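Topology and contacts: notes
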Amino acid sequence: MAEGLMKKLYGQRAYVQSAGVKNDMEIDGFSVAVCQELEVEISRHRSRSFEEMQEWGDDLSQFDLIIALSPASQRMAQELTRFHHLEVEYWPIMDPTGLADTRDAKLALYRQTRDQIRSRMLDRFGPPLEDAAAAKV
């Protein structure tokens, strides 16, 4: 969700790569649905772990910033980058998985999470790009 939102808001301004503590591979359908509401396409996105990033040739030391959305990912990012000079920020974002019973209630929680991430991005990185695609978000 975060990678898709970042790309929608800021385009090619920065290289963005989403990673987590574990590899879930399949993107959550509720995440796809609430992102589509903002014309953010993430249905083909695949999650990968920090270890997979390194195995596939991504050198974490080449990144300027890692934003962790969970305490576990913050700990992992700090551990993997302890010998590199890069910033790790923690954004305490609600994890909506498994928190509601009905479809409407789940969608409401996922929207809340999406909006938390978007708000943090706007606070941290400023207004989105001024092109037509970003203006719709």
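Quick caveat: nothing in here was measured; it's all calculated off a predicted structure.

Before going further, it helps to examine the overall build of the protein chain. When helices and strands are tallied, the protein chain shows six helices and two strands. From first element to last, N terminus to C terminus, the protein chain shows the α and β order α-α-α-β-α-β-α-α. Expected size for 137 residues packed as a compact globule is a radius of gyration near 14 Å; at 15 Å, the protein chain falls within 12% of this value. Projecting the C-alpha coordinates of the protein chain onto the three principal axes gives extents of approximately 45 × 35 × 25 Å. Within the span of the protein chain, comprising 137 residues, buried residues form 36% of the whole. Within the protein chain, residue pairs in contact and separated by at least 24 positions form 63% of the contacts whose partners lie at least 6 positions apart.

Here we come to the side chain of Arg-114. As for its placement among the helices and strands, Arg-114 is situated in helix H5 (residues 103-125). Within the structure, the side chain of Arg-114 is placed 2.9 Å from the side chain of Glu-37, a separation counted as a polar contact. Not counting chain neighbours up to four residues away, the residues in contact with Arg-114 comprise Met-1, Leu-5, Val-34, Glu-37 and Leu-38.

Turning to the packing of helix H1 (residues 2-10) against H5, a few remarks are in order. Across the interface, H1 lies against H5 with an axial gap of 10 Å and an inter-helix angle of 45°. Considered as vectors, H1 and H5 are oriented oblique to each other. Of the two possible hands of crossing, H1 and H5 adopt the one that is right-handed. Contact residues: Ala-2, Leu-5, Met-6, Leu-9 and Tyr-10 in H1; Arg-114, Ile-117, Arg-118, Met-121, Leu-122 and Phe-125 in H5. For the contact of H1 with H5, the class distribution of residues is nine nonpolar, no polar and two charged.

This part takes up the nonpolar core. Among the nonpolar cores identified, the biggest contains 19 residues, and Met-1, Leu-5, Val-40, Ile-42, Ile-117 and Met-121 are the most heavily contacted of them. Only H1, helix H2 (29-36) and H5 provide two or more residues apiece to this core. With residues near it in sequence (within four places) discarded, Leu-5 still touches Leu-38, Val-40, Arg-114, Ile-117, Arg-118 and Met-121. Core analysis: the next-biggest nonpolar cluster, separate from the first, contains seven residues, Leu-60, Phe-63, Ile-66 and Ala-77 among them.

Right, let's get into unusual backbone geometry. Comment: phi is negative for the bulk of residues other than glycine, and the bulk of peptide bonds are trans. For Glu-39, which is not glycine, the phi torsion reads 60° and is therefore positive. Mapped onto the secondary structure, Glu-39 falls in the loop between H2 and helix H3 (50-55).

The end-to-end C-alpha distance of H5, which contains 23 residues, comes to 32 Å, matching closely the 33 Å that a straight helix rising 1.5 Å per residue would cover. Regarding H5, the residues found buried are Leu-107, Leu-109, Tyr-110, Thr-113, Arg-114, Ile-117 and Met-121. Contact partners of the buried residues in H5: H1 and H2. Looking one or two places after H5, you find Gly-126, whose phi comes out positive at around 85°.

For Gln-36, the location among the structural elements is in helix H2. A relative accessible area of 44% means that Gln-36 is categorised as partly exposed. Residues Gln-36 and Val-88, spaced 52 residues apart in sequence, show a C-alpha to C-alpha distance of 29 Å.

Here is what the cut-offs are and how they apply
- Residues numbered from 1 in each chain as written.
- Predicted model: local features only at pLDDT ≥ 70, side-chain atom pairs only at ≥ 80, totals over all residues.
- Heavy atoms only, no water.
- Helix = DSSP H or I, 4+ residues; strand = E, 2+ residues; numbered from the N terminus.
- Rg over C-alpha atoms; globule rule 2.2 N^0.38 Å.
- Buried < 20%, exposed > 50% of the residue type's maximum accessible area, 1.4 Å probe, protein only.
- Contact = heavy atoms within 4.5 Å.
- Polar contact = N/O pair within 3.5 Å; in protein donor to acceptor, adjacent residues only side chain to side chain.
- Axes fitted to C-alpha atoms, helices over the stretch in contact; angles between N-to-C directions.
- Parallel < 35°, antiparallel > 145°, perpendicular 65-115°, else oblique.
- Left-handed = near helix turned anticlockwise from the far one by under 90°.
- Nonpolar A, V, L, I, M, F, W, Y, C, P; charged D, E, K, R; others polar.
- Core = buried A, V, L, I, M, F, W, Y, C linked by side-chain atoms within 4.5 Å.
- Expected span 1.5 Å × (residues − 1).

Geometric values such as these leave the question of function open.
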